[in-house]
Amino acid sequence: MRKLAAYTIPFVGLKIGSHEFDYEIGSTFFEYFEYEDFNSANLHLDLVLEKKATMMELFFETSGTVNLNCDLTNEPFNMPIESSFRLVVNFGDEYNDENEELLILPHGEYEINIAQYVYEIIVLAVPYKRIHPGIEDGTLKSDVLDKLEELSPKGTNEDNDSEENIDPRWNKLKNLLNDK
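Source: prediction; values computed, not measured.

Draft legend 1. Layout of the sheet that holds strand β4 (residues 55–69). Reading across from one edge, β2-β3-β4-β5-β6 is the order of the five strands in this open sheet, with mixed pairing throughout. Here the strands that pair on one side only, and so sit at the sheet edges, are β2 (17–25) and β6 (102–106). The average undirected angle you get between the axes of adjacent strands in this sheet is 20 degrees. Strands β2, β3 (38–51), β4, β5 (76–92) and β6 of the sheet are contacted by helix α2 (residues 115–125), whose axis makes an angle of about 140 degrees with β5.

Draft legend 2. Summary view of the layout of surface pockets. If you add up the space inside the largest pocket, you get close to 450 Å³. Along its surface, the largest pocket is lined by 22 residues, and D97, N113, Q116, Y117 and E120 are the ones closest to its centre. Sorting the residues of the lining of the largest pocket by element identifies β5, β6, β7 (111–113) and α2 as the ones contributing at least two each. Considering every element that reaches the lining of the largest pocket, the biggest residue donor is α2, with six residues. Considered class by class, the residues forming the lining of the largest pocket number eleven nonpolar, six polar and five charged.

Cut-offs used in this document
Residues numbered from 1 in each chain as written. Predicted model: local features only at pLDDT ≥ 70, side-chain atom pairs only at ≥ 80, totals over all residues. Heavy atoms only, no water. Pairing = 2+ DSSP bridges. Helix = DSSP H or I, 4+ residues; strand = E, 2+ residues; numbered from the N terminus. Axes fitted to C-alpha atoms, helices over the stretch in contact; angles between N-to-C directions. Contact = heavy atoms within 4.5 Å. 1 Å grid on protein atoms, 1.4 Å probe; cavity = no way out; pocket = protein on both sides within 12 Å on 5 of 7 lines; lining within 4 Å. Points joined across faces, edges and corners; volume = space filled by probe spheres on them. Nonpolar A, V, L, I, M, F, W, Y, C, P; charged D, E, K, R; others polar.

In structure tokens:
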């Protein structure tokens with residue numbers, strides 16, 4: 001985790017007020033977390049640290065694209081990501097991160113590492129079901145889609161054929177429903 005030292009912010013030397021930090025996040029960032037769902041990533045993070053006398057507020061804004069595979073066709077595509085998050089940092093007797101929007105650091109701490117928060121913000125911004133935009137608008141041409149179309153049940157022709165091939169005993173049972 002030493003390579004993620006760029007995400008450690010020493011706040012002791014900062015004056016009270018607003019401080020801005022910018023980060024460019026690529027695929028190597030996710031390798032440290034052993035997260036392999038993204039083929040590539042090109043994201044920008046704007047962080048505003050608002051330092052106050054007894055606490056801090058961190059405002060995360062991330063935007064960009066991640067390249068991942070479609071859940072239906074396994075075709076890679078770029079998905080736009082936009083997310084924001086607010087974290088309140090307070091000071092107490094011991095470290096506590098049980099509340100997702102409140103972090104309590106022990107008195108005497110002088111820095112905060114935001115890498116885990118950045119990772120969670122980005123990963124949680126990706127929808128659970130990842131569908132290529134070409135599937136939704138019908139423009140994607142893929143061998144997988146062609147095979148799915150070939151194997152899918154056909155429309156009305158099979159319905160008519162199946163009605164003709166019904167065992168006559170079932171037709172007699174249908175008549176019981178019609179006789180009232």
